[in-house]
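Listed below are the residues making up each chain.
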Amino acid sequence: MGWLLFVLFIVLPFVDLVLLLRVGGVIGFFPTVLLTFATGGFGAWLAKREGLRVWRAWTRALAELRAPEQGIVDGVLVIAGGALLMAPGVLTDLIGLAFLLPLTRKLIARPLRAWATRRIERAQVRLVETQVMPFDLGGDAIRAIGDVVDTTGDVVDTTGESLGEVPELPGPPER
């Protein structure tokens, strides 16, 4: 894990900086700045569009100890690609685009899904429960976790005939 952090926080930014300087030397300062802002804006737009929905499906699949479906893996790669496009740099942009293009995304998703499946089969998945605070989804936000829905019902046999009211269960203890 230490080597991965080293690559992500030291090697990748260094390579990105060198490539950015080289691109700037070839196409000029202002086109390089414009390219950086354009790819950052595109990445931000894409991450916002796909983000939360795909992340919830991914964590739900892992919490249920099943391999994420191909669409979920694709969605996670799209989110990662959008995030990489937001980071200034040539290498991160190339990796981000590889995550976004369907052909290369499919080639990347296959080993990623196999890796997740192996981790699940070996019981190497660590589950952490988190709660996301609801936010405005155009008036359709999920209400706070723990809301109570009070219902009544009838017990019905297989013929559809009512067998009477369901007995009331005791509620939580008073505090």
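None of the values given here were measured: they were computed from a predicted structure.

Chemist: Please clarify how the overall build of the protein should be interpreted in this entry.
Modeler: In terms of helices and strands, the protein carries five helices and two strands. Secondary structure elements in the protein, listed N-terminal to C-terminal, are α-α-α-α-α-β-β. Taking the intrachain contacts of the protein between residues at least 6 apart in sequence as the baseline, contacts between residues at least 24 apart amount to 51%. Working note: accessible area of the protein is about 13,400 Å², and carbon and sulfur atoms make up 66% of it.

Chemist: Whenever I open this one, the environment of Val-7 confuses me. Can you help?
Modeler: Within the secondary structure layout, Val-7 lies in helix H1 (residues 2-27). A residue is classified by how much of its surface remains accessible, and Val-7, at 34% relative accessible area, is partly exposed. Those residues within four positions of Val-7 in sequence are excluded, and the remaining contacts are Leu-12 and Pro-13.

Chemist: For this particular structure, what's the right way to read the packing of H1 against helix H4 (residues 90-100)?
Modeler: Helix-helix packing is described using two parameters, namely the angle between the two axes and the distance between the axes. Between H1 and H4, the shortest axis-to-axis distance is 6 Å and the interhelical angle comes to 100 degrees. Judged by the angle between their axes, H1 and H4 are roughly perpendicular. Listed contacts from H4 to Leu-12, Val-15, Asp-16, Leu-19, Leu-20 and Val-23 of H1 are Val-90, Leu-91 and Thr-92. Residue composition of the contact of H1 with H4, grouped by class: seven nonpolar, one polar and one charged.

Chemist: In this structure, what is going on with the layout of surface pockets? I would like to understand it.
Modeler: The gaps of empty space that remain are located by a probe, the size of a water molecule, rolled over the atoms. When its volume is computed, the second largest pocket comes out at roughly 470 Å³. In terms of lining, the second largest pocket is formed by 11 residues, of which the most central are Leu-4, Leu-8, Ala-80, Leu-84 and Phe-99. For the lining of the second largest pocket, the secondary-structure elements that each account for two or more residues are H1, helix H3 (70-86) and H4. Here the lining of the second largest pocket takes five residues from H1, the largest share from any one element. Grouping the constituent residues of the lining of the second largest pocket by class yields 11 nonpolar, no polar and no charged.

Chemist: I tried to follow the packing of aromatic side chains on my own but got confused; where do I start?
Modeler: Aromatic ring pairs are defined here through the distance separating the ring centres and the angle between the ring planes. Under the defined criterion, the tally for this structure stands at one aromatic pair. Ring centres of Phe-29 and Phe-30 lie 5.1 Å apart, and the angle between their planes is 80 degrees; on these two criteria the pair is classed as edge-to-face. Assessed through its relative accessible area of 65%, Phe-30 is described here as exposed.

Chemist: I'm lost on the side chain of Asp-93 in this one. Help?
Modeler: Tracing the backbone shows Asp-93 in helix H4. An unpaired buried charge is present at Asp-93: no salt bridge exists, and Arg-105, the closest side chain of opposite charge, is 15 Å distant. Sequence-distant contacts of Asp-93, that is, excluding residues within four places in its chain, are made with Thr-39, Leu-84, Leu-85 and Ala-87.

Chemist: Before we go on, may I ask you to explain the side chain of Thr-32 in this structure?
Modeler: Relative to the helices and strands, Thr-32 is located in helix H2 (residues 29-63). Residue classification places Thr-32 among the buried residues on the basis of a relative accessible area of 8%. Setting aside residues no more than four positions away along its own chain, Thr-32 makes contact with Leu-20, Val-23, Gly-24 and Ile-27.

Chemist: Would you explain the environment of Arg-56 in this entry?
Modeler: Checked against the element boundaries, Arg-56 lands in helix H2. What makes Arg-56 partly exposed here is its relative accessible area of 30%.

Chemist: Can you help me understand the nonpolar core in this one?
Modeler: Buried together is how nonpolar side chains tend to be arranged in soluble globular proteins. Listed in full, the 12 residues of the largest apolar core are Val-54, Ala-57, Trp-58, Leu-62, Ile-72, Val-73, Val-76, Leu-77, Ile-79, Phe-99, Ala-109 and Ile-120. Those elements that provide at least two residues to this core are H2, H3 and helix H5 (102-121). If one sorts the elements of this core by residue count, H3 sits on top with five residues.

Conventions and cut-offs
Residues numbered from 1 in each chain as written. Predicted model: local features only at pLDDT ≥ 70, side-chain atom pairs only at ≥ 80, totals over all residues. Heavy atoms only, no water. Helix = DSSP H or I, 4+ residues; strand = E, 2+ residues; numbered from the N terminus. Contact = heavy atoms within 4.5 Å. Areas by Shrake-Rupley, 256 points an atom, 1.4 Å probe, with all protein chains shown as cover. Buried < 20%, exposed > 50% of the residue type's maximum accessible area, 1.4 Å probe, protein only. Axes fitted to C-alpha atoms, helices over the stretch in contact; angles between N-to-C directions. Parallel < 35°, antiparallel > 145°, perpendicular 65-115°, else oblique. Nonpolar A, V, L, I, M, F, W, Y, C, P; charged D, E, K, R; others polar. 1 Å grid on protein atoms, 1.4 Å probe; cavity = no way out; pocket = protein on both sides within 12 Å on 5 of 7 lines; lining within 4 Å. Points joined across faces, edges and corners; volume = space filled by probe spheres on them. Phe/Tyr/Trp six-rings, centres within 6.5 Å; stacked < 30°, edge-to-face > 60°. Lys, Arg positive; Asp, Glu negative; His and termini not counted. Salt bridge = Lys/Arg side-chain N within 4 Å of Asp/Glu carboxyl O. Core = buried A, V, L, I, M, F, W, Y, C linked by side-chain atoms within 4.5 Å.

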